[in-house]
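Understanding the architecture of this molecule
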Amino acid sequence: MRPPPPTLLPPLLLMLSGFGAAAPPADSLAQLPAPGNLKVHLYNAQQALSWEPVSLDSDPRPVVYQVQYKYSTSSNWYDVNKEDSKVDCTNLTRTECDFTANSLSEGFPRRFNISLRVRAKLGGLVSAWATAPWFEHYRNATIGPPENIRVTPEEGSLIIRLSAPFDVPATEAYFVYCVYYWEKAGAKQVTRPFRSNFITLNDLKPLRVYCFQVKAELFLTKENISRPGHLSNISCCETAADASVKLQQDFLAAGTTFLVLSVVVGSCLFLVLRYRGLVKPWFHSPPRVPPQIEEYLKDPAQPILDALDKDSSPKDDTWDSVSVVTFPENEQEGSPQSTLNQSAGPSHQPTEGVLCAKEAATCLSGLDGAT
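Since the structure is predicted, the reported quantities are computational estimates derived from the model, not experimental observations.

Description of the nonpolar core
Core analysis: the largest hydrophobic core is formed by 28 residues, its most contacted members being L49, W51, Y65, V67, C97, I114 and L116. Those elements giving two or more residues to this core turn out to be β4 (64-71) and β7 (114-122). Non-local contacts of L49, meaning those with residues more than four positions away in its chain, are made with L38, K39, V40, V67, T95, E96, C97, F99, L116 and A132. Ranked by size, the runner-up nonpolar core spans 23 residues in total, among them V168, I199, L204 and V214.

Here it is in C-alpha cells:
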C-alpha cells in the first residue's frame, strides 16, 4: 500500500466532505451504468468494499470492475493492485473487493482517512466512477467480542483468559475489557476495566454456577476516542469447593462407601445362610471314581476282584498273632488266663489265626508237663 502524504486535514471536515459527494463526470466512453449502493465493511481487522452488480441486456459478456483508493491528504487515485495492496481489484468479476491486511504492515493504515471508488467495464464500454464515503478504520470499525475465552474454576473464584478481537500497534491503540457476571438467576454485576488478558472474579460462593459475558473497548493512544465492542456469548461455570466443603465431601463419600459395603456384605451373608443348601455343592469338588474301578471300567473282561487286588502289596497284609500264657494255679481251676496282643488286620484270614492259637496252647501244655 502506498504511504499517505504527510499533510492531514481535520478528520471531521474530511468525513463530512465525503458524504453526498457526486461522482466525477463521465467521459465520452461512459455508456454503462455506474455501480450502486457502495458499502464499506469494517469489522475488527476486516476491510472490504461491496456494490450492486451492473449488466447490459444486449451484451451477455461478463462485466468487470476496477477499484481505486486515495488518502484524504492527496488528490491522486491509485489502483488496488497486488503491487501496492497485496490484493488485485483491477479486473474483478465479483462485486466485492476484500483488502483485509494479513499483518499490521499491510493494508490501509488504520489511523488515516481513506476513500474508495469503483467503476464497471465491458469491452470498450466504461461506466462512471461511484465513490464511497470517507472512512477511518479505528473510528468506523465495528469492534467484536474478545476471542479465545477460557475459564478456570478455583476456590470461590473464576479465572478468565482471553485474547484481543484483533491486533493493534501499541503506539496507536489498546483494548480494555469488562466482565459482566451474575450468579445463575441472580443480579448482574460488572468488573472495573482491565487492560490485562487475565481477569479473576473473586469473592464468589463455592459450588455455585456463575454466568458471564466479556466486552472489549478500543481506545486510541493519542486521542480521547474509544470504540465500545460487542458482548461475547454467555458462558457459565461452577466454582470449585473450598477446604471446608472438600472435607465435608470426603466424609460424606467415606460414609456412603462404608454404608454401601455394609449393605452388600450383609446381603451376601443373608443369601448364603438362607440358601446354604444350594450353595454348599459349589464349594466341594465332585466325587471321583477309584482308580481300580476306573481301570476295570476301561477293561470289563478283567475280573473285578483281581482288579481290586492288583495293586495291593503282600507286606500290607497283617496277620493276627496270639500269645497264650498259663500258670499252674490257674490250670487247677480250669480257667486259664491269657493275654492277647492283637493288631488290626484283614478279616478274611480268621482260620489261620485260630490254628496258630491252638498250636501255641499245645506247646505250652507240653512244657508244663515236662516240668
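Details of the pattern of salt bridges
Under the definition given, this model contains six salt bridges. Across the pair E172 and R111 runs a salt bridge, and its minimum N-O distance is 2.6 Å. Of this pair, E172 sits in the loop between β11 (157-163) and β12 (173-183) while R111 sits in the loop between β6 (96-98) and β7, and the two are 61 residues apart along the sequence. Exposure remark for E172: the relative accessible area of 18% places this residue in the buried category. With a relative accessible area of 45%, R111 lands in the partly exposed category.

Focus: the state of the cysteines
One pass over the full model with this rule turns up two disulfides. The residue that forms a disulfide with C89 is C97, at a sulfur-sulfur distance of 2.0 Å. Across the S-S bond of C89 and C97 the torsion is about 90 degrees, and the bridge reads as right-handed. Two residues share a disulfide in this structure: C211 and C236, whose sulfurs sit 2.0 Å from each other. Its torsion about the S-S bond being 95 degrees, the disulfide of C211 and C236 is classed as right-handed.

A look at the pairing of strand β14 (residues 198-201)
Where burial is concerned, the two faces of β14 differ: the one with I199 and L201 is buried and the one with F198 and T200 is not. Here β11 pairs with β14 via four bridges, running antiparallel. Residue pairing across strands places I160 opposite I199, the latter belonging to β14.

Topic: a nonpolar patch on the surface
Together, F270, L271 and Y275 make up an exposed nonpolar region whose accessible area comes to about 320 Å². Structurally, L271 can be placed in helix α4 (residues 243-274). Residue classification places L271 among the partly exposed residues on the basis of a relative accessible area of 45%.

Structural notes on the sheet that holds β11
The strand order across the open sheet built from three strands is β10-β11-β14, with neighbouring strands paired in antiparallel fashion. This sheet does not close on itself; its edge strands, each paired only once, are β10 (147-154) and β14. Recorded for the sheet is a direction-independent mean angle of 20 degrees between the axes of neighbouring strands.

Quick look at the packing of aromatic side chains
The final tally for this structure, using the stated rule, is nine aromatic pairs. When the centroid spacing of 6.0 Å and the interplanar angle of 85 degrees are considered together, the rings of Y69 and Y71 count as edge-to-face. Residue Y71 is classed as buried on the basis of its relative accessible area, which comes to 1%. Each ring, one from Y71 and one from F112, has its centre 6.4 Å from the other, and the planes form 75 degrees; the classification is edge-to-face. Note that Y71 is positioned in strand β4 and F112 in the loop between β6 and β7, a separation of 41 residues in sequence. Among the aromatic residues, ring-to-ring pairing joins Y69, Y71, Y78, F99, F108 and F112 into one connected group. The lysine or arginine in question, R117, covers the ring of W129, its NZ or CZ lying 4.0 Å from the ring centre. We note K188 situated over the ring of W182; from NZ or CZ to the ring centre the distance is 4.7 Å.

Re unusual backbone geometry
The phi torsion at A185 lies on the positive side, around 65 degrees, for a residue other than glycine. Summarising the element assignment, A185 is placed in the loop between β12 and β13 (188-190). Phi at D203 takes a positive value of approximately 60 degrees, unusual for a residue other than glycine. If you trace the backbone, D203 turns up in the loop between β14 and β15 (209-220).

Each value, and the rule that gives it
- Residues numbered from 1 in each chain as written.
- Predicted model: local features only at pLDDT ≥ 70, side-chain atom pairs only at ≥ 80, totals over all residues.
- Heavy atoms only, no water.
- Core = buried A, V, L, I, M, F, W, Y, C linked by side-chain atoms within 4.5 Å.
- Buried < 20%, exposed > 50% of the residue type's maximum accessible area, 1.4 Å probe, protein only.
- Helix = DSSP H or I, 4+ residues; strand = E, 2+ residues; numbered from the N terminus.
- Contact = heavy atoms within 4.5 Å.
- Salt bridge = Lys/Arg side-chain N within 4 Å of Asp/Glu carboxyl O.
- Disulfide = S-S within 2.5 Å.
- Pairing = 2+ DSSP bridges.
- Patch = residues over 30% accessible without salt bridge, like charges linked within 9 Å, V, L, I, M, F, W, Y side chains within 5 Å.
- Areas by Shrake-Rupley, 256 points an atom, 1.4 Å probe, with all protein chains shown as cover.
- Axes fitted to C-alpha atoms, helices over the stretch in contact; angles between N-to-C directions.
- Phe/Tyr/Trp six-rings, centres within 6.5 Å; stacked < 30°, edge-to-face > 60°.
- Lys NZ or Arg CZ within 6 Å of the ring centre and 35° of its normal.

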